[in-house]
Amino acid sequence: MKIGTKEFHLEHKTYIMGILNVTPDSFSDGGKWNRQDAALKHTEQMIQEGADIIDIGGESTRPGYEPVLAEEEIERVIPVIEKIRQHFDIPISIDTYKSTVAKAAIAAGADLVNDIWGLKYDARLAGVIADAGVACCLMHNRSQIQEHPYENFMEDLLMDLRETVQIAKNAGIKEDRILLDPGVGFAKSYENNLEALRCLEQCRQLGFPILLGASRKSVIGLTLDLPVASRLEGTLVTTVFAVMKQCSFVRVHDVKENVRAVRMAEAILY
């Protein structure tokens, strides 16, 4: 799979997507990297530590988040994308569900669109991705989980992801441009999140590379009774599970430690 200028060989390999939140209010690191100089420095650090992709987000999607206007999101992310593209040769992902933000980000140099709504929020986003020919990561999510609970969680999750894939195909997104994300921490109970982690291999049955984003999330905090800043060890366990379940990517905050965990797990397995 090619993302930007980099070829990703997905057989028996798990790659690291480093998180760069340029927001004032993200659940884990809000306000730390929302200045251009700080964002560039952190990007350089993540690359040195072994990140394969940098995922840039301009809107927090933590539980109870306040949506921001597309114009504000664009103002946050575009200068950072442009600076990273000028200074570093690494694939860039834009973490957005808005078509106008994605279009601007792609024009600025983004190589992948990471959509937490699986193309079900903004009907125009699939067309933007298809027209640009960039890769996309499409996540499982639901907007009305209380009114429409799961009947069989994993069956419903896979059904929802199949719907997302069909939206992508109908818009002209090529299959070799698609990653899927089970959406740990989104529209799921604590038990649902554990099941999603336990059953990651079922997502691979859909025939697409899988990205796992569980870094520092509440399922870890609830399990270990720990605040966000103390969830590294729990995150590393989910990363090792991702390797064991042959996920192609993990999206993480702590790049160095997760790179080491991936390498060790791959050495044992392969």
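Residues numbered from 1 in each chain as written. Predicted model: local features only at pLDDT ≥ 70, side-chain atom pairs only at ≥ 80, totals over all residues. Heavy atoms only, no water.

Caption draft 1: Spotlight on the packing of aromatic side chains. For the coordinates displayed, the defined rule picks out 6 aromatic pairs. Seen from their ring centres, Tyr150 and Phe153 are 5.0 Å apart, and the 85 degrees between their planes marks the pair as edge-to-face. Like Phe153, Tyr150 is buried. Put simply, the rings of Phe8, Tyr15 and Phe249 touch in pairs and so form one group of aromatic residues. For the cation-ring pair, Lys13 lies above Tyr15, with the distance from its terminal atom to the ring centre recorded as 5.5 Å. (Phe/Tyr/Trp six-rings, centres within 6.5 Å; stacked < 30°, edge-to-face > 60°. Buried < 20%, exposed > 50% of the residue type's maximum accessible area, 1.4 Å probe, protein only. Lys NZ or Arg CZ within 6 Å of the ring centre and 35° of its normal.)

Caption draft 2: Here's a closer look at the pattern of salt bridges. For the coordinates displayed, the defined rule picks out 15 salt bridges. Here Lys120 ties to Glu163 by a salt bridge, and the two come within 3.0 Å at their closest N and O atoms. Placement of Lys120 in the loop between strand E6 (112-115) and helix H4 (125-132) and of Glu163 in helix H5 (residues 153-171) is noted, with a sequence separation of 43 residues between them. When its relative accessible area of 39% is taken as the criterion, Glu163 is described as partly exposed. The partner of Asp160 in a salt bridge is Arg142, with the nearest N and O atoms 2.6 Å apart. With Asp160 in helix H5 and Arg142 in the loop between strand E7 (135-139) and H5, the pair connects residues that are 18 residues apart, well separated along the chain. By the burial criterion, Asp160 is buried, and Arg142 matches it. Within the structure, one salt-bridge network assembled from shared partners comprises Asp55, Asp95 and Arg251. (Salt bridge = Lys/Arg side-chain N within 4 Å of Asp/Glu carboxyl O. Helix = DSSP H or I, 4+ residues; strand = E, 2+ residues; numbered from the N terminus.)

Caption draft 3: Spatial organisation of unusual backbone geometry. Positive phi, close to 55 degrees, is recorded for Asp225, a residue that is not glycine. Among the residues examined, Asp225 registers a relative accessible area of 68% and is labelled exposed. In this model, Gln246 sits at a positive phi of 60 degrees, which is unusual for a non-glycine residue. Along the chain, Gln246 turns up in the loop between helix H9 (232-244) and strand E10 (249-252). According to the relative accessible area criterion, Gln246 is partly exposed, its value standing at 34%.

Caption draft 4: Summary view of the state of the cysteines. A complete count under the given rule lists 0 disulfides for this structure. With no disulfide partner, Cys247 has as its closest neighbouring cysteine sulfur the one in Cys203, 7.7 Å distant. (Disulfide = S-S within 2.5 Å.)

Caption draft 5: Geometry of the sheet that holds strand E9 (residues 211-212). Read across the open sheet, the 8 strands follow the order E8-E7-E6-E5-E4-E3-E10-E9; overall the sheet is parallel. Of all strands in the sheet, those bounded by a partner on one side alone are strand E8 (178-181) and E9. Where E6 and E7 come together, 4 bridges link them in parallel fashion. Bridge pairing links Asn114 to Cys137 in E7. Along the sheet face, helix H10 (residues 255-269) touches strand E3 (15-21) and E10 and points at about 165 degrees away from the line of E3. (Pairing = 2+ DSSP bridges. Contact = heavy atoms within 4.5 Å. Axes fitted to C-alpha atoms, helices over the stretch in contact; angles between N-to-C directions.)

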